[in-house]
Amino acid sequence: MRKLVGAVITSGIVATAALATNGDNMIGVSPASRAMGGLGTGICLEPTDSIFRNPGWLARQKGFNISFGGILFMPHVKAKSAIGGDPTASYQTSDADTFTIPEIAITNQINDHVVIGIGAYGVSGMGVDYRDKDPRLAKMHTSLQFMRIVPAIGYKVNSKLAIGGALHLAWGSLDMGAILRDSSGTPYNASGGQSQTYGIGASIGINYKPLSNVCLGAYYQSSVKMKYKNVFDTRHDFNFEDLKLEQPQEASVGIGWKPIPKLKVGFDVRWINWSDADGYKQFKWKDQWVFAVGGEYKVTPKLALRLGYNYGKSPIREKSGLDTLTRNNTIPDFSGRFTDYEVEWFNLIGFPAIAEHHITCGFEYHFTEHFALNASYVHAFEKKVESSASVMAPNDLVAGAKNAQDSIGVSLDWNF
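Cut-offs used in this document
Residues numbered from 1 in each chain as written. Predicted model: local features only at pLDDT ≥ 70, side-chain atom pairs only at ≥ 80, totals over all residues. Heavy atoms only, no water. Helix = DSSP H or I, 4+ residues; strand = E, 2+ residues; numbered from the N terminus. Rg over C-alpha atoms; globule rule 2.2 N^0.38 Å. Buried < 20%, exposed > 50% of the residue type's maximum accessible area, 1.4 Å probe, protein only. Contact = heavy atoms within 4.5 Å. Areas by Shrake-Rupley, 256 points an atom, 1.4 Å probe, with all protein chains shown as cover. Salt bridge = Lys/Arg side-chain N within 4 Å of Asp/Glu carboxyl O. Core = buried A, V, L, I, M, F, W, Y, C linked by side-chain atoms within 4.5 Å. Phe/Tyr/Trp six-rings, centres within 6.5 Å; stacked < 30°, edge-to-face > 60°. Lys NZ or Arg CZ within 6 Å of the ring centre and 35° of its normal. Patch = residues over 30% accessible without salt bridge, like charges linked within 9 Å, V, L, I, M, F, W, Y side chains within 5 Å. pLDDT = per-residue confidence, 0-100. Pairing = 2+ DSSP bridges. Lys, Arg positive; Asp, Glu negative; His and termini not counted. Polar contact = N/O pair within 3.5 Å; in protein donor to acceptor, adjacent residues only side chain to side chain.

Each helix and strand counted, the protein has 4 helices and 21 strands in total. Scaling as 2.2 N^0.38, a compact globule of 416 residues should have a C-alpha radius of gyration of about 22 Å, and the protein matches this with 22 Å. Taking all 416 residues of the protein together, 57% fall into the buried category. Partitioning the contacts of the protein with sequence separation of at least 6, the portion at a separation of at least 24 is 68%. Total accessible area computed for the protein in this model is approximately 16,100 Å², and 61% of it derives from carbon and sulfur atoms.

With that settled, consider the pattern of salt bridges. Applying the stated criterion to the full structure yields 14 salt bridges. The partner of Asp132 in a salt bridge is Lys133, and the shortest N-O contact between them spans 3.9 Å. Across the salt bridge formed by Lys227 and Asp242, the nearest N and O atoms sit 4.0 Å from each other. Of this pair, Lys227 sits in strand S11 (residues 224–232) while Asp242 sits in strand S12 (residues 241–247), and the two are 15 residues apart along the sequence.

For the rest of this paragraph, the subject is the nonpolar core. Judged by nonpolar contacts, the single largest core of 49 residues is most densely connected at Tyr228 and Val231. Contributions of two or more residues to this core are made by strand S1 (64–83), strand S5 (141–156), strand S6 (161–177), S11, S12, helix H4 (340–350), strand S20 (371–389) and strand S21 (397–415). The leading source of residues in this core is H4, at 6 residues. Not counting chain neighbours up to four residues away, the residues in contact with Tyr228 comprise Leu144, Phe146, Gly172, Ser173, Leu174, Ser195, Thr197, Asp242, Leu243 and Leu245. Grouped together as the second largest cluster of nonpolar side chains are 10 residues, Val29, Val150, Ala152 and Ala166 included.

Here the focus is the packing of aromatic side chains. Per the stated rule, a full pass over the model turns up 10 aromatic pairs. With a centroid separation of 5.5 Å and 25 degrees between ring planes, the pair formed by Phe367 and Phe371 is classed as stacked. Joined through ring pairs, the aromatic side chains of Tyr365, Phe367, Phe371 and Trp414 make up one cluster. Sitting over the ring of Tyr91, Lys402 keeps its end group 4.4 Å from the ring centre.

A few words on a nonpolar patch on the surface. Together, Phe64, Phe68, Leu72, Ile104, Tyr377, Ile408, Val410, Leu412, Trp414 and Phe416 line one region of the surface with nonpolar side chains, adding up to about 830 Å² of accessible area. Here the nonpolar patch takes 4 residues from S21, the largest share from any one element. Counting through the fold element by element, Val410 comes out in strand S21.

It is worth spelling out the confidence of the model for the protein at this point. Per-residue confidence for the protein gives a mean pLDDT of 88, with 93% of residues at or over 70. Residue range residues 1–18 is modelled with pLDDT below 50. Its contacts to residues more than four positions away, or to other chains, number 80 contacts.

Moving on, we get to H4. The buried fraction of H4 amounts to 11 of the 11 residues, a majority that puts the element mostly inside the structure. Along H4, the residues classified as buried are Asp340, Tyr341, Glu342, Val343, Glu344, Trp345, Phe346, Asn347, Leu348, Ile349 and Gly350.

Leaving glycine aside, a negative phi is the common case for residues, and trans is the common case for peptide bonds. For Lys139, which is not a glycine, the phi torsion comes out positive at approximately 50 degrees. Structurally, Lys139 is set in the loop between strand S4 (114–126) and S5. Of note in this structure, Phe238 is not a glycine but carries a positive phi near 60 degrees. Note on placement: Phe238 falls in the loop between S11 and S12.

Okay, the environment of Met140 next. Of note, Met140 is situated in the loop between S4 and S5. Look at Met140 and you get buried, because its relative accessible area is 0%. For Met140 and Asp129, which are 11 residues apart along the polypeptide, the C-alpha to C-alpha distance reads 6.1 Å.

Time to look at the pairing of S21. Most of S21 sits inside the fold, with 14 of its 19 residues counted as buried. Pairing between S1 and S21: 19 bridges, direction antiparallel. The residue bridging Val77 from the neighbouring strand is Asn403, located in S21. Where S20 lies against S21, 17 bridges are found, and the strand directions are antiparallel. The residue of S21 that forms the bridge with Ser388 is Val398.

Let's shift gears to the side chain of Arg60. Along the polypeptide, Arg60 turns up in the loop between helix H3 (47–52) and S1. Buried and unpaired, Arg60 has Asp112 as its nearest opposite-charge partner, separated by 12 Å. A polar side-chain atom of Arg60 sits 3.2 Å from the main-chain carbonyl oxygen of Ser159. For Arg60, the side chain forms a polar contact with the side chain of Asn207, separated by 2.8 Å. Apart from residues lying up to four places away in sequence, Arg60 is in contact with Lys156, Asn158, Ser159, Lys160, Leu161, Ala162, Asn207 and Lys209.

Structure, rendered in structure tokens:
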């Protein structure tokens, strides 16, 4: 069980980008996108989305635009560890329950065909904190921050077709801590302290308007390879090991439709390739197909109301009868080897990225012709996943997690 408890802390890494809604990715970056279920592929809502999500929309931005905002993210995460069928084991609530995420985007129209932009998106403070909870959770606490700075360019080929590309400059910071015991039973602090690293990726996008009230979009975003150095000691040998973690590649297609002047709706499908990304692959995450639908209705010339829904099946699945003897699983750059049950422990105790169903709403209000306020609210319904193994009796080892989320986003937007 020393290995099992030690492995728990490692799961803090899965809290990388995005405060976990579709896996550990946010459903959307801007409040407008999040209010409409995370749309941003087949319909463009704010400059932020044309840079970060589908750069194919960037060339359709007019004049000079700036968007500044943030998200208050409030996860409600719980974990349970039952060993030997102990009936006293109960779900414990993580104290890491409030995070803020900044975002800023600027676009500038150079001429009738070319628009440039840059955005910075922080996905900060994700993790869990069980330091004063059930000791079977190893007093584990994690903190990961992830930011992308994204310069982009868009080119309008003609009135129907536009393309774009972006460079993703990533910065990450990871800190993991837990009190573990070595093979002699001696307790030790396995944390290597905060580790910072950098990575780079790219994205390309396209949008096409076959009709004046119909738009189609698609994008591809490459993976971003990250390596955190000296983050954790799995064997109490005073050798703090590195950890590779790759944000996965993804692709999306979408459609937008404006049936009447006051109403626009959209539908996006997004594929996230967790199963081939270093780190997530070894944690046995499944790929996700994410479905987003949303609409906006213009109540008055100044006020627009928004509503949406987002669904992506959890990349972490419930399992039973897991192996507890064969250590045939490796984690990139970690020296230890882990059983199937320990891998599921990593996922569920460290950070359960298991949310699936989200409802969203929000609004846009124009104070003047050149200044608007966008706001969003997202609720992820509680999802529970439990995995188990049988040692002395059926299912006498159980690791469980529950995750529900609320978030509020606000941005101030100027255009000239």
